[in-house]
Amino acid sequence: MHRTVRSLSLLATLLLACAPAMRAQSLGKRVTASDGLVQVVFPSRPTVCGDGRSFIANVLGRSNYYSGNGSYSSRDGWSDRPCVNGPARVVATVIGHDVTRLSTYVGPVPAAQADMRTVTTAAAEASTWLGDLVARAGGRVASDAMLPLVLADAAAPWPLLLRVARDDNRPRDVRRSALTWLANGVNDHLGIADSRDESDDDEMRTQAVFVLSQRPKTESVPELIEIARSAKHPAARRSAIFWLGQTGDLRAADVFAELLRQ
Amino acid sequence: MRIAAWLAAGALATTRLAGQSLPGRIDAVRDGRVLMTFAARPGVCGDGRGGVWFHGSRATNFSEGKRTPCIAGPVRVAIGRTDEQTVSVRQWVGGSWSSGGSDVDLGEVAPSSAAHYLLGLAHTLSGTSADAAVSAAAFADADDLSPDFMRLIRDGTASIETRKLALFWLGQSDAPTADLIRLHDSLEPFALREHYTFVLSQRHEDAAVDALIDVVRHDPNAEIRKRAMFWLGQMKEPKATKFIQDILTR
């Protein structure tokens, strides 16, 4: 009897531990169950907003993204449209039971097209599915999955992105995308994501960082690391973190990990 | 009889051309192409089809194509004339003419005369012809062309692209860096001042580093200051690097 109870509790613990992976598998399976378009709708972080069809605002700090699917006219410019806080929506193209393309939106969910399936899910479940795509899918899909992963109102994606950035087995462009998102995440974490050049001196400091970043990696990476760690001017530090993310250098991941712990 | 008269007239014209200065000989041609060749400066070679290489202390590759055997000169220039006006200039290094019947071939001319003439011509030309005139002059094994380049750079009526090219070649010449620096105050258009920062950066001398630092510190235009800093960074001179690092800490 005692043994049965112990076995059951062990099973329950195992099930709990495996739950996210199982959920991902479950959502992933539902998405790829049949070919065509699937939109996955899930809660986005509270600050993020969008018009549901083209632009996404306040992703990290006040940074904006434009998906380019909306038609733009000066009369109906995307910047004039209401920015609605969530939900996030990922439209996946499935061919041969594989996700081949992802497009991400935030804001009002338009009426689904006749040929599009809709899956509404929890942010944690979406995050696990997207994390799985980032960690395992082919280049473009993996990179495209990073934006909705960052948008999801779930656990911070940085540990996963750090793993991907350091993973020699992942394609180079995926690792670079991970570093770019990590740089944005670090700037947000340090509260300098929105630091702008407020004076001529700031502008020249930002340019100085750019100038250093354009030199050979043997020189630029150590310089950028030093500035990223200790620059006293936020605009210069923010710029160094950004350009460090663009180098694709493995040392950037170590510095980002260190800064994310601060 | 008519053929003999025509030949006699032709011979007379050639004799008359031969006795004139280079500009006079070119201006005497009403319509058609005037061809001339002159010695290229050491280090300049070409593929005869438009590709030109310059293996000087400041080596630059001017060919867009793949590397082919590089022939050390001469510079060949074809000047197109219509109604006594020069309407086009084309230049090559190496190779030989496949001249048409209506061409007037001046043969080999003195490189300095050709270079001074072409730089004078560049004041009123634009586009490919102006580029060809300035480049051909720069390739010539000529005496000091600095005054001609400076006149062209300062000429507000010449095209900006031509002035930029003249500034580039002045930077590549043996003209002292001090002459380049003195030019700065007379460079009015943005494009020219921006180009000046690049030209200066190709001179890996202390004076050039100081001049660029001066632009970063004092130029009234923020974009020019940024460009100057960019080129400073590309110079890889310790003094330039220290200046950039200091900006970040002050």
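Residues numbered from 1 in each chain as written. Chains lettered and ligands numbered in written order. Predicted model: local features only at pLDDT ≥ 70, side-chain atom pairs only at ≥ 80, totals over all residues.

Visitor: Hey, could you run me through the nonpolar core in this one?
Guide: As a rule of thumb, nonpolar side chains are buried together in soluble globular proteins. Membership of the largest hydrophobic core comes to 141 residues, with the highest contact counts inside it found for B:Leu118 and B:Ala133. Of all the elements, helix H4 (residues 127–139) of chain B adds the most residues to this core, at eight residues. Counting contributing residues per domain, this core is built from domain 1 (18–154) and domain 2 (156–262) of chain A, each supplying no fewer than three. (Core = buried A, V, L, I, M, F, W, Y, C linked by C-beta atoms within 7 Å. Buried ≥ 20, exposed ≤ 12 C-beta atoms within 10 Å, placed from the backbone. Helix = DSSP H or I, 4+ residues; strand = E, 2+ residues; numbered from the N terminus. Domains from an automatic or database assignment.)

Visitor: Sorry if this is basic, but what is going on with the sheet that holds strand S6 (residues 85–93) of chain B here?
Guide: Sheets are built from strands that pair by backbone hydrogen bonding, the pairs being arranged parallel or antiparallel. Residues and elements named next belong to chain B. One open sheet holds the four strands; their spatial order is S6-S5-S1-S7, and the pairing between them is mixed. Either end of the sheet is taken by a strand with one partner, and the two such strands are S6 and strand S7 (104–108). In this sheet, neighbouring strand axes are inclined to one another by 15 degrees on average, regardless of whether the strands run parallel or antiparallel. With seven bridges joining them, strand S1 (residues 32–38) and strand S5 (residues 75–82) adopt antiparallel strand pairing. From the neighbouring strand, Val 34 faces S5, where its bridge partner is Ile 79. Along the sheet, helix H3 (residues 111–121) contacts S1, S5 and S6; its crossing angle with S1, the most-contacted strand, is approximately 135 degrees. Contacts from H4 reach S5 and S6 within the one sheet, and its direction differs from that of S6 by about 50 degrees. (Pairing = 2+ DSSP bridges. Axes fitted to C-alpha atoms, helices over the stretch in contact; angles between N-to-C directions. Contact = placed C-beta atoms within 7 Å.)

Visitor: So what exactly am I meant to see when it comes to the domain arrangement of chain A here?
Guide: When the parts come together, some accessible area is lost, and that loss is often what is quoted as the size of the interface. Residue and element names in this part refer to chain A. Examined at the domain level, chain A breaks down into domain 1 (18–154) and domain 2 (156–262). A separation of 26 Å is found between the C-alpha centroids of domain 1 and domain 2. The interface of domain 1 with domain 2 comprises 13 residues on the first partner and 15 residues on the second. Elements represented by at least two residues in the side of domain 1 that touches domain 2 include exactly helix H2 (123–136), helix H3 (139–144) and helix H4 (146–151).

Visitor: I tried to follow the confidence of the model for chain B on my own but got confused; where do I start?
Guide: Detailed reading of predicted coordinates is not advised where the pLDDT is low. Residue and element names in this part refer to chain B. Mean pLDDT over chain B works out to 87, with 86% of the residues at or above the 70 mark. The spread of mean pLDDT over the elements of chain B runs between helix H1 (residues 2–18), the lowest at 44, and H3, the highest at 97. Note on residues 1–16: pLDDT is under 50 here. Beyond four places in sequence and across chains, it has zero contacts. In the predicted structure, residues 56–61 sits below a pLDDT of 50 and forms six contacts with residues beyond four places in sequence or in another chain. For this predicted complex, the interface score ipTM comes out at 0.74, while the overall pTM is 0.78. (pLDDT = per-residue confidence, 0-100.)

Visitor: So what exactly am I meant to see when it comes to the sheet that holds strand S1 (residues 36–42) of chain A here?
Guide: All names here are of chain A. Strand order in the open sheet formed by four strands is S6-S5-S1-S7, with mixed pairing between adjacent strands. Of all strands in the sheet, those with a lone pairing partner are strand S6 (98–106) and strand S7 (116–120), marking the two edges. Averaged over all pairs of adjacent strands, the angle between their axes in this sheet comes to 20 degrees, without regard to strand direction.

Visitor: Explain the interface of chain B and chain A here, please?
Guide: In this complex, chain B contributes nine residues to the contact, which on the side of chain A involves 13 residues. For the side of chain B that touches chain A, the elements supplying multiple residues, two or more each, are helix H10 (222–235) and helix H11 (238–249) of chain B. Of the residues forming the side of chain B that touches chain A, the biggest block, six residues, is contributed by H10(B). Classifying every residue of the side of chain B that touches chain A by side-chain character gives six nonpolar, one polar and two charged. (Nonpolar A, V, L, I, M, F, W, Y, C, P; charged D, E, K, R; others polar.)

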